[in-house]
Amino acid sequence: MIDPDVKAQLGNYRQSIDNIDAALVHMLAERFRCTKEVGVLKAKYDLPPADPAREEYQIERLRRLAKDANLDPDFAEKFLNFVIKEVIRHHEQIAADLKA
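Starting from 1, residues in each chain are numbered consecutively following that chain's sequence as written. With pLDDT at 70 or above as the cut-off, local features in this predicted model cover only qualifying residues; side-chain atom pairs require 80 or more to be listed or tallied, and sums for whole chains, interfaces and linings still use all residues. As a convention, hydrogens and water are excluded, and side-chain values are obtained from all of the structure's heavy atoms.

As named in an unreviewed UniProt entry, the protein is chorismate mutase, taken from Rhizobium freirei PRF 81.

Now the structure itself:
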């Protein structure tokens, strides 16, 4: 049987994790709302969907932030690369929709 104190600690950690997950979802939703608007501007002014210089800056910055927060910078970079790929895909779709 699990000690009631341990069970309470697990419950507290899990509650915190659930709250963090909810915050992450809301932050990602806001990020994608903003990047959608960027995509609209890029499509409207015929700008490329990808911006390699901006992406490189974001990755370097996120790696630095991750390191400062004692988070694996490689993990942070992989996560951001996933987000960047999704943003580019959405920008390409927005441009295709505006041309249609």
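### Quick notes on the overall build of the protein
Looking only at helices and strands, one finds 3 helices and 0 strands in the protein. Starting at the N terminus, helices and strands are each numbered in turn, a helix being any DSSP run of H or I of at least four residues and a strand any DSSP run of E of at least two. Ordered by position in the sequence, the α and β elements of the protein form the string α-α-α. Only C-alpha atoms enter the radius of gyration, while the globule expectation follows 2.2 Å times N to the 0.38, with N the number of residues. Against the 2.2 N^0.38 benchmark of 13 Å for 100 residues, the protein shows a C-alpha radius of gyration of 19 Å, more extended than a compact globule. Taken along the three principal axes of its C-alpha coordinates, the protein extends 65 × 30 × 15 Å. Within the protein, buried positions represent 16% of all 100 residues. The contact definition used throughout considers only heavy atoms, calling two residues in contact when any of these lie within 4.5 Å. At a minimum sequence separation of 6, the contacts of the protein that also span at least 24 residues come to 65%. The protein chains shown are the only cover counted for residues, whose accessible areas, like all others here, come from Shrake-Rupley with a 1.4 Å probe. Carbon together with sulfur atoms contributes 59% to the accessible area of the protein, which is approximately 8,200 Å² in total. Charge counting follows a simple rule: Lys and Arg are positive, Asp and Glu are negative, and His as well as the terminal groups are ignored. Charged groups are reduced to one reference atom each: NZ for lysine, CZ for arginine, CG for aspartic acid, CD for glutamic acid. Here the protein contributes 16 positively and 18 negatively charged side chains, and the mean placements of these two sets differ by 3 Å. Using a 1.4 Å probe on the protein chains alone, a residue whose accessible area is under 20% of its type maximum counts as buried, one over 50% counts as exposed, and one in between counts as partly exposed.

### A look at the packing of helix α2 (residues 52–68) against helix α3 (residues 73–99)
Only the stretch in contact is used when a helix axis is fitted, and all axes are lines through C-alpha atoms; the angle between N-to-C directions ranges over 0 to 180 degrees. The N-to-C vectors of α2 and α3 enclose an angle of 150°; their axes lie 9 Å apart at closest approach. At the point where α2 passes α3, the crossing takes the right-handed sense. Facing α2, whose interface residues are Glu 55, Gln 58, Ile 59, Leu 62, Arg 63, Ala 66 and Lys 67, α3 presents Pro 73, Asp 74, Ala 76, Glu 77, Leu 80, Asn 81, Ile 84 and Ile 88. In this classification, the charged set is Asp, Glu, Lys and Arg, the nonpolar set is Ala, Val, Leu, Ile, Met, Phe, Trp, Tyr, Cys and Pro, and all remaining amino acids, among them Gly, are polar. Class assignment for the residues of the contact of α2 with α3 results in 8 nonpolar, 2 polar and 5 charged. Crossing handedness is defined as follows: a turn of the near helix away from the far one that is anticlockwise and smaller than a right angle gives a left-handed crossing, while the clockwise case is right-handed.

### Some thoughts on the environment of Tyr 45
When you line up the elements, Tyr 45 lands in the loop between α1 (4–44) and α2. The class of Tyr 45 is exposed, set by a relative accessible area of 53%. Expressed as a C-alpha distance, the spacing of Tyr 45 and Gly 11, which sit 34 residues apart in the sequence, is 51 Å.

### Thoughts on the UniProt feature "domain: Chorismate mutase" (unreviewed entry) in the protein
UniProt positions are given in the numbering used here, feature names are shortened, and annotations may be inferred rather than shown by experiment. Under the local residue numbering, the UniProt record ascribes the feature "domain: Chorismate mutase" (unreviewed entry) to residues 4–95. Note that residues 4–95 is 88% helix and 0% strand, and that its end C-alpha atoms are spaced 57 Å apart.

### Concerning α3
To estimate the expected span of a helix, subtract one from its residue number and multiply by 1.5 Å. Along its 27 residues, α3 runs 39 Å from first to last C-alpha, staying within 8% of the 39 Å computed at 1.5 Å per residue. Taken together, the buried positions of α3 are Ala 76, Leu 80, Val 83, Ile 84, Val 87, Ile 88, His 91 and Ile 94. In this structure, the buried residues of α3 make contact with α1 and α2. A distance of 2.9 Å separates the backbone nitrogen of Asp 74 from a side-chain oxygen at the start of α3, and that oxygen is part of Asp 72. Polar contacts here mean pairs of N or O atoms no more than 3.5 Å apart (in protein, one a potential hydrogen donor and the other a potential acceptor; neighbouring residues in sequence count only if both atoms are side-chain atoms).

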